[in-house]
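Residue strings, one per chain:
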Amino acid sequence: MILLIYTVIAGLLLKVPLLPALEETVRNLYFHVCMWMAMMTLFTISVVNSIRYLRTFNLRYDIYARQYAAVGILMGLLGYATGAVWMSYTWADPNNPAYASFSTIAREPKLIGTAIALLIYFAYLVLRDSINDMDKKARISGVYNIFAYAMLFPSIWIVPRILPSLHPGQEGNPAMNFKDIDSNMQLVFYPAVIGWTLLSVWIATLRIRVNLFKEKTMIQ
Amino acid sequence: MRNISRLFALFLMLLSTTLLHAQGDSSLQNTMRSNGRIYVVITVILVILAGLFLYLIRLDRKMSKLEKNN
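Conventions used here
- Residues numbered from 1 in each chain as written.
- Chains lettered and ligands numbered in written order.
- Predicted model: local features only at pLDDT ≥ 70, side-chain atom pairs only at ≥ 80, totals over all residues.
- Heavy atoms only, no water.
- Helix = DSSP H or I, 4+ residues; strand = E, 2+ residues; numbered from the N terminus.
- Contact = heavy atoms within 4.5 Å.
- Areas by Shrake-Rupley, 256 points an atom, 1.4 Å probe, with all protein chains shown as cover.
- Buried < 20%, exposed > 50% of the residue type's maximum accessible area, 1.4 Å probe, protein only.
- Phe/Tyr/Trp six-rings, centres within 6.5 Å; stacked < 30°, edge-to-face > 60°.

### Let's talk about the overall build of chain A
Looking only at helices and strands, one finds seven helices and zero strands in chain A. When its helices and strands are written in sequence order, chain A yields α-α-α-α-α-α-α. Of the contacts made within chain A by residues no fewer than 6 positions apart, 74% connect residues no fewer than 24 positions apart. On chain A, roughly 10700 Å² of surface is accessible, and the fraction owed to carbon and sulfur atoms is 68%.

Okay, structure coming up:
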C-alpha cells in the first residue's frame, strides 16, 4: 500500500529526463511496465503451483495455479490497455489519420507476441473450466499450464527481440539495465514493481480464499 | 465460462483499439499532447484503476452471492 502511494506521488512529481519522443510519458514506466512485471510474477507462481500439484496431487495447489493465472491475465490485459493508450500518443503520427499508422503499429512483434501469450492463457482457463471431473481437470490443466508457461518465453521475450520493433527494450531487459535508466527513476521504479506485484498477489490470494471456501462448501 | 468469454471479448476490443486510436476530435488530441503529454500518464493510471476496481467489484458480487447461498 505504502509502496503504491509512494509510486503514484513520486512517479508524478519527481524529475525525469525528458526525451524527445516520450516527454512526460516516460513516467508510464512506473505503471505500464509494472503491469507486465506483475503478470510475469503471477504466471511464474501459477506454474510453480501446477508443478507442486502434479507432484503431490493435492487439489489445493490446482486452485492456487488457476487463480494466480487468472489475476495474471488481468494484469496482462491492463498492461495491454495502458500500452494502447501510451502508443497512441507516442508512436502514432499526429498528422496522419489513424489507419495510415495502423499498418506499422499492427506489425509490432511485441504486440502480436503478447496477444499470443494471453490467448494461450485464455485457453488454459477455458480448458480447465470445461472439464467436469475434478482430478482430471486438475491434472490436464496442470500439464497445460507448464506448456503455456514455456510458450510465454518465445512469444514475449525471444521473438520480439529478433524482429525489428518500435517497442523499446530490443537489446536487453527494458528498464532493468542499470546503464540506460536514470538513477532518479530507479528510486521510483523498483518500489513500483514490488508494489504492483504485491497488490496483484493480494488480489490473487483473495480469489484463492473464496474458491477454497467454495470447494469446501461443495464437498459438504 | 461466461466470465471467461466476457474477458475474452474485452481482450478482442483491446486489440481493436489499435485501429480506433487517434480518431477522436482534435481538441482531445490537443489536450493529450499539451504539457509534455502528462495527460497520457493520467489516462494510463485511470485505465489501471478502472480495471482493478471493476475486477474487485465483480469479485465482491461473487462473494456476496456465495454468502447468500450458505
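### Focus on unusual backbone geometry
Only a minority of non-glycine residues have a phi that is not negative, and only a minority of peptide bonds are not trans. All names here are of chain A. Located in the positive-phi region is phenylalanine 57, a residue other than glycine, with phi close to 55°. Mapped onto the elements of the fold, phenylalanine 57 is located in the loop between α2 (32–56) and α3 (59–90). Looking at phenylalanine 57, the relative accessible area reads 44%, which means it is partly exposed.

### Here's the deal with the environment of A:Tyr80
Residues and elements named next belong to chain A. Of note, tyrosine 80 is situated in helix α3. Tyrosine 80 gets classed as buried once you look at its relative accessible area, which sits at 6%. Sequence separation between tyrosine 80 and alanine 69 is eleven residues, and the spatial gap between their C-alpha atoms is 16 Å.

### Some remarks on the packing of aromatic side chains
Residue and element names in this part refer to chain A. Under the defined criterion, the tally for this structure stands at seven aromatic pairs over all chains. Taking 6.4 Å as the distance between ring centres and 75° as the angle between the ring planes, the aromatic pair formed by phenylalanine 31 and tryptophan 196 counts as edge-to-face. Of the two residues, phenylalanine 31 is situated in the loop between α1 (2–13) and α2 and tryptophan 196 in helix α7 (residues 183–219); the sequence distance between them amounts to 165 residues. Judged on exposure class, the residue phenylalanine 31 and its partner tryptophan 196 are both buried. Aromatic pair phenylalanine 43 and tyrosine 121: ring centres 3.7 Å apart, planes at 0°, arrangement stacked.

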